[in-house]
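# Fold and geometry: a report
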Protein chains: 2
Amino acid sequence: MLQYQPKPLDLAFQALSDPGRRAMVERLCLGPASVSELAKPLPMTLSAVVQHLKVLEEAGLVKSQKLGRVRTCSLELKAMTEVEGWIAERKRFWEQQYDQLEAYLAQTAAKEDP
Amino acid sequence: MLQYQPKPLDLAFQALSDPGRRAMVERLCLGPASVSELAKPLPMTLSAVVQHLKVLEEAGLVKSQKLGRVRTCSLELKAMTEVEGWIAERKRFWEQQYDQLEAYLAQTAAKEDP
DNA sequence: CTGATACTGTAGCATTTGCTTAAGTGTTGA
DNA sequence: TCAACACTTAAGCAAATGCTACAGTATCAG
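The name given to chain A in an unreviewed UniProt entry is ArsR family transcriptional regulator, with the source organism recorded as Bosea psychrotolerans.

Structure, rendered in structure tokens:
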């Protein structure tokens, strides 16, 4: 069976759809943190956090490096920027659509009330 | 077992993580469309498209109404705006973090090379 | 009236996801 | 040296996801 190779955007949106993973990203927006620091506020085992971390790294949202026994995680902006870009592009189209509606209404109003 | 009530952001990100659903949103950014119009370019049955549509509607990304036998779908901007807002807020934090790094580097450089 | 159109709804099924538990490995401080 | 620490890895499992197939229900055009 042929299986679909997920695109970067798929992985980024998927990663951000989980509240725990978003909490981790929110924490990392304030600065780098160790795995245990990321895990502390979350209601799950360290094991689960490590698995979430893997999802975030594979989505390109987070990067990490190990020094001694501590893995320090930080934000990787690339994927976040891609998500931002996709939204911005959509916005461009829907605002254009809105302008067209506005123009149409203006035109209709002008005809009905010259 | 207690089960988690998904928040709007969870649903929106989750909905946008599927390439087919994103394609539907992209199409709707150009203007309203019927279910069949949305289905035409997608490599799946109409049934599957309807199920994706339901996900998009429950996420608040799309709304639809039926007239006669045709259901016309259009964008619902609310959820999209929330996603945009979450990203914008994160950006605010990580740019602040970057500024701090910049300031630190500038300070270090000043000390080392007065 | 009749056939085509445009969905609608449900059952079933293979995968994926989000955990937990349990058993490691490599570091470090006393 | 050795116990505590900071992960790491894998097995297992319940629930969610992403389909398909199939059997409907309205609506419209001729």
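## Things to note about the packing of helix H2 (residues 19-28) of chain B against helix H4 (residues 46-58) of chain B
For any two helices packed against each other, one specifies the crossing angle of their axes together with the interaxial distance. All names here are of chain B. Packing of H2 against H4 brings their axes to within 10 Å, and their N-to-C directions diverge by 75°. With respect to their mutual orientation, H2 and H4 come out roughly perpendicular. Touching Arg21, Met24 and Val25 of H2 are Val49, His52, Leu53, Val55 and Leu56, all from H4. Of the residues assigned to the contact of H2 with H4, the class counts are six nonpolar, one polar and one charged.

## Some remarks on the protein's contact with DNA strand C
Of all residues adjacent to DNA strand C, which total 21 residues, the nearest are A:His52, B:Ser36, B:Ser47, B:Arg69 and B:Arg71. Of all DNA strand C atoms lying within 4 Å of any protein atom, the proportion belonging to sugar or phosphate reaches 62%. Here a phosphate oxygen of DNA strand C and a side-chain polar atom of A:Arg21 are 3.0 Å apart. The set of elements that each furnish at least two residues to the surface near DNA strand C consists of helix H4 (46-58) of chain A together with helix H3 (35-39), H4 and strand S3 (70-75) of chain B. Looking at the surface near DNA strand C, the element that brings in the most residues is H4(A), giving four residues. Class assignment for the residues of the surface near DNA strand C results in five nonpolar, ten polar and six charged.

## A closer look at the sheet that holds strand S2 (residues 62-67) of chain B
Residue and element names in this part refer to chain B. Taken in spatial order, the three strands line up as S1-S3-S2 in an open sheet, and their pairing is antiparallel. In the strand order of this sheet, the two ends are held by strand S1 (33-34) and S2, each with one partner. Where S1 lies against S3, two bridges are found, and the strand directions are antiparallel. Paired with Ala33 across the bridge in S3 is Cys73. Contacts from H2 reach S1, S2 and S3 within the one sheet, and its direction differs from that of S3 by about 85°.

## Things to note about the pairing of strand S2 (residues 62-67) of chain A
Residue and element names in this part refer to chain A. Looking at chain direction, S2 and strand S3 (residues 70-75) are connected through six bridges and run antiparallel. Each residue of the ladder has a partner; that of Ser64, found in S3, is Cys73. Hairpin connection between S2 and S3: a loop of two residues separates the two successive antiparallel strands, and Gly68 in this loop has a positive phi of roughly 65°.

## Some remarks on the relation of the copies chain B and chain A
Copies of the same chain, two in number, are related to each other by a rotation about an axis and a translation along it. Of the transformation placing chain B onto chain A, the axial shift is 0.0 Å and the rotation is 180°, giving an RMSD of 0.0 Å. Taken together, these values place the two copies in the relation of a two-fold axis. Taken as a fraction of all interface residues of chain B, those also at the interface in chain A reach 100%, which identifies the copy contact as same-surface.

## Things to note about the protein's contact with DNA strand D
Close to DNA strand D lie 19 residues, the nearest being A:Ser36, A:Ser47, A:Arg69, A:Arg71 and B:His52. Expressed as a percentage, the sugar and phosphate content of the atoms of DNA strand D within 4 Å of the protein is 67%. Side-chain polar atom of B:Arg69 to a base oxygen of DNA strand D: 3.1 Å apart, as the coordinates give it. Going through the elements one at a time, helix H3 (35-39), H4 and S3 of chain A together with H4 of chain B are the ones with two or more residues in the surface near DNA strand D. When residues of the surface near DNA strand D are assigned to their parent elements, the largest contribution, four residues, is made by H4(B). When its residues are assigned to classes, the surface near DNA strand D shows five nonpolar, nine polar and five charged.

How each quantity is defined
- Residues numbered from 1 in each chain as written.
- Chains lettered and ligands numbered in written order.
- Predicted model: local features only at pLDDT ≥ 70, side-chain atom pairs only at ≥ 80, totals over all residues.
- Heavy atoms only, no water.
- Axes fitted to C-alpha atoms, helices over the stretch in contact; angles between N-to-C directions.
- Helix = DSSP H or I, 4+ residues; strand = E, 2+ residues; numbered from the N terminus.
- Parallel < 35°, antiparallel > 145°, perpendicular 65-115°, else oblique.
- Contact = heavy atoms within 4.5 Å.
- Nonpolar A, V, L, I, M, F, W, Y, C, P; charged D, E, K, R; others polar.
- Near = heavy atom within 4 Å.
- Polar contact = N/O pair within 3.5 Å; in protein donor to acceptor, adjacent residues only side chain to side chain.
- Pairing = 2+ DSSP bridges.
- Least-squares fit on C-alpha atoms with pLDDT ≥ 70 in both.

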